[in-house]
Amino acid sequence: MPLIRRRKGIEADKTSSTESKIQSERTEEQEDDKKKVAVKQSNKAEKKSKWSCVDSCCWFIGCVCTVWWLLLFMYKAMPASFPQFVTEAITGPLPDPPGLKLKKEGLTVKHPVVFVPGIVTGGLELWEGHQCAEGLFRKRLWGGTFGEVYKRPSCWAEHMSLDNETGLDPPGIRVRPVSGLVAADYFAPGYFVWAVLIANLAQIGYEEKTMYMAAYDWRISFQNTEVRDQTLSRIKSNIELMVATNGGNKAVVIPHSMGVLYFLHFMKWVEAPAPMGGGGGPDWCAKHIKAVMNIGAPFLGVPKSVAGLFSAEARDIAVARAIAPGFLDNDLFRFQTLQHVMKMTRTWDSTMSMIPRGGDTIWGGLDWSPEEDYLPSKRKQKHNDTQSTSQNTNSAISQSKPVNYGRIISFGKDVAEAPSSELERTDFRDAIKGPNVANNTCRDVWTEYHDMGVEGVRAVAEYKVYTAGSIVDLLNFVAPKMMARGSAHFSYGIADNLDDPKYEHYKYWSNPLETKLPNAPEMEIFSLYGVGMPTERAYVYKLSSYAECYIPFEIDTSADGDDEDSSLKDGVYTVEGDETVPTLSAGFMCAKAWRGKTRFNPHGIHTFIREYEHSPPANLLEGRGTQSGSHVDIMGNFALIEDVVRVAAGASGEDLGGDQVYSDIFKWSEKIKLQL
């Protein structure tokens, strides 16, 4: 019995110890669970506390898109007459559209019309691509909805880029211009380019057989559009066909923006002998063209193109950078925005067509510029009087010191304003470049800046000031590969002797200062452009953080004028213009260099300037306005459309009333000492 009791006691002890072990294990498990819960809670707290800028930006973009689509839905859902009802309630009865007005006057179709779109506005579609672009055959990569930009940005940028050596298609990629009127009627849904003008022409009887959109790939050089796509030959044959099938009535050509330079090139190409030219003979333009109505013409280039090539930015991008410092330089979703933009756009030869032409003779030097007395508050209206600009020249001069608009790039506000005698400059042209670490770490966003090194960047900054005369040298230094390609197709000087055989080369054909207008004395040339909007003219720069993949230069948005009347804001000096093209570039050729018989216009083609004073829309429901002078929105300006439709229906420049001038273009033109 004692043995049995002892065994039971031992078993009881074992049972109690087992239970205690189980209990302790449960306790430990509970403690582990509590710790896990605590860790999870702390992780959640950390995640909440680590809310990043990217999260905020994504939420902001999502909210903006949601509100935008909601407003768009409401706008589409409202009765079609509602916007007009609200507008008329505010401003009174709206005038008839120009087409309807002129139809009531009895105007009908007479001259066939040719549209020549500018840079960016023409649609591009994919015909062959890499694997990442599967399913996009003949889908628009440019224009339209831009859906593919958001879905696969790296793939899109790869297919929109050209070969950095040839300026043509990269291997395995074919992107081609959209054909027909739809190529540039709308840039994006609801954002018109040529659509309003087309609709008004249709109201007096025009249709597709009497209208032709001369679409081309705006990325490549003008001569290469013929080499690759035979676009110039297509324009020639289409104009000949339209003239032949419309009773021999000559064509009215309407180029816009860079399309103006493209058509200048065409007029020389079509008369030049093959194989470089179209072989049409010296009288082709006289036989086939009634008038060239240039809209927003950058005849002499635009300073804005310099900022784009130099730092992949302009005023709008610089302001965005100031609002969100570092945002555009961050590696968002492995897509560094500005670096990829520069990498892509520097393969587009067309961007080099708009570098300022004429050097310091046209744009001014260190101590002078044609628009030096311009101040935003002193701009005066001048209605239909081309001679009034020579009167009262001293009445509007401000006591403020003149602005040095000729200094297109200045490193620092003090440099932009200092007398030239006080500037100490070190020439950058012979500076020794050195490779940067980015050569190895950032090849996916390689730009030519990565070959400059710290010494090359410092040399550019120490030269301090760049005028139009040194801008080409600057771009040759910072982007030699790009400029070597572009210099084979474009030139930026002033011809000493236009009879020199060298000017028969196509690289000079789009520069009006190095070519003659055709022998077509009955042809008319118009320059139609908006005025009354601040337009970029010169920039204040600074060095950015030169590390890894960053672009080493940026506009100094902290540089502002000293008073409210200053033309300097956010690091950009502005002058009179249409927000993109300064009035000087749009108006000088028709105001002076082509006026009458000159060496640039030896046959005396009549030229006219038609300026349109900018007036913003009366309310949001009016859209982009019918009196806008903005570079693209002017395509919906009723006064401009009426002028175009009248000329297409048979009117001459004199019938329109001759010149219509509000700016000081004639006074500024007189300051330019150019041999005529």
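- Per an unreviewed UniProt entry, the protein chain goes by phospholipid:diacylglycerol acyltransferase and derives from Acacia crassicarpa.
- The record in UniProt for the protein chain states the following under Subcellular location (unreviewed entry): "Membrane".

What to know about the pairing of strand β2 (residues 124-128)
Here is step 1: In this sheet, strand β3 (residues 140-142) lies alongside β2 in antiparallel orientation, the contact comprising two bridges. Along β3, the bridge assignment pairs L124 with W142.

Observations regarding the packing of helix α8 (residues 222-229) against helix α10 (residues 258-271)
Here is step 1: Running from amino to carboxyl end, α8 crosses α10 at an angle of 70 degrees, the nearest separation of the two axes being 9 Å. Relative to α10, α8 is oriented roughly perpendicular. Here F222, Q223, T225 and E226 of α8 lie close against α10, whose contacting residues are M258, L261, Y262, H265 and W269.
Here is step 2: The residue makeup of the contact of α8 with α10, split by class, is five nonpolar, three polar and one charged.

Some remarks on the pairing of strand β18 (residues 572-577)
Here is step 1: Of all six residues making up β18, six are buried, and the element is well covered by its neighbours.
Here is step 2: Strand direction decides the pairing type here: strand β15 (residues 533-543) and β18, joined by six bridges, are antiparallel. Bridging from a neighbouring strand, T535 pairs with V575 of β18.
Here is step 3: Relative to β18, strand β17 (residues 568-569) runs antiparallel, the two being bridged by two bridges. Counterpart to K569 in the pairing with β18 is V572.
Here is step 4: Between β17 and β18, which pair antiparallel and follow one another directly, the connecting turn spans two residues, one of which, D570, has a positive phi of 55 degrees.

Details of the side chain of R537
Here is step 1: Within the element layout of this structure, R537 appears in strand β15.
Here is step 2: Owing to a relative accessible area of 0%, R537 belongs among the buried residues under this scheme.
Here is step 3: For R537, the side chain forms a polar contact with the side chain of E371, separated by 2.9 Å.
Here is step 4: Those residues in contact with R537, other than ones at most four positions away along the chain, are P303, W363, S369, P370, E371, Y405, G406, I408, Y573, T574, V575 and L584.

Structural notes on the packing of aromatic side chains
Here is step 1: Scanning all chains against the criterion turns up 30 aromatic pairs.
Here is step 2: Between the aromatic rings of F187 and Y191, the centroid separation amounts to 6.3 Å while the plane-to-plane angle is 70 degrees, which identifies the pairing as edge-to-face.
Here is step 3: F187 gets classed as buried once you look at its relative accessible area, which sits at 17%.
Here is step 4: What makes Y191 partly exposed here is its relative accessible area of 33%.
Here is step 5: Taking 6.4 Å as the distance between ring centres and 90 degrees as the angle between the ring planes, the aromatic pair formed by Y405 and Y573 counts as edge-to-face. One end of the pair, Y405, is in the loop between α15 (359-363) and β12 (409-411); the other, Y573, is in strand β18, with 168 residues separating them in the sequence.

Section: the pattern of salt bridges
If the charged atoms of two oppositely charged side chains come close together, the side chains can form a pair.
Here is step 1: On inspection of all chains with the given rule, the structure shows 30 salt bridges.
Here is step 2: Close ionic contact of D217 with R219 constitutes a salt bridge, the shortest N to O distance being 2.8 Å. Each member of the pair, D217 as well as R219, is classed as buried.
Here is step 3: The closest approach of N and O atoms between E371 and R537, which form a salt bridge, is 2.9 Å.

Regarding helix α7 (residues 195-203)
Here is step 1: When α7 is considered as a whole, its buried residues turn out to be A195, L197, I198, N200 and L201.
Here is step 2: Directly after α7, the chain includes G205, whose backbone phi takes a positive value near 115 degrees.

Let's talk about the environment of S491
Here is step 1: With respect to the helices and strands, the residue S491 is situated in the loop between α20 (480-487) and β14 (524-531).
Here is step 2: Sequence separation between S491 and P356 is 135 residues; the distance between their C-alpha atoms is 10.0 Å.
Here is step 3: S491 has contacts with R357, K507, Y508, N511 and E514, leaving out every residue within four places of it along the chain.

Considering helix α19 (residues 468-478)
Here is step 1: Listed in full, the buried residues belonging to α19 are A468, S470, I471, L474, L475, F477 and V478. Mapping the buried residues of α19 onto a view down its axis gives an arc of 155 degrees, with all of them on the same face.
Here is step 2: Residues of α19 that are buried sit in contact with α12 (303-311), α15, β12, α18 (453-463), β13 (465-466) and α20.

Thresholds, definitions, all that
- Residues numbered from 1 in each chain as written.
- Predicted model: local features only at pLDDT ≥ 70, side-chain atom pairs only at ≥ 80, totals over all residues.
- Heavy atoms only, no water.
- UniProt positions renumbered as here; feature names shortened; annotations may be inferred.
- Pairing = 2+ DSSP bridges.
- Helix = DSSP H or I, 4+ residues; strand = E, 2+ residues; numbered from the N terminus.
- Axes fitted to C-alpha atoms, helices over the stretch in contact; angles between N-to-C directions.
- Parallel < 35°, antiparallel > 145°, perpendicular 65-115°, else oblique.
- Contact = heavy atoms within 4.5 Å.
- Nonpolar A, V, L, I, M, F, W, Y, C, P; charged D, E, K, R; others polar.
- Buried < 20%, exposed > 50% of the residue type's maximum accessible area, 1.4 Å probe, protein only.
- Polar contact = N/O pair within 3.5 Å; in protein donor to acceptor, adjacent residues only side chain to side chain.
- Phe/Tyr/Trp six-rings, centres within 6.5 Å; stacked < 30°, edge-to-face > 60°.
- Salt bridge = Lys/Arg side-chain N within 4 Å of Asp/Glu carboxyl O.
- Arc of directions from axis to C-beta.

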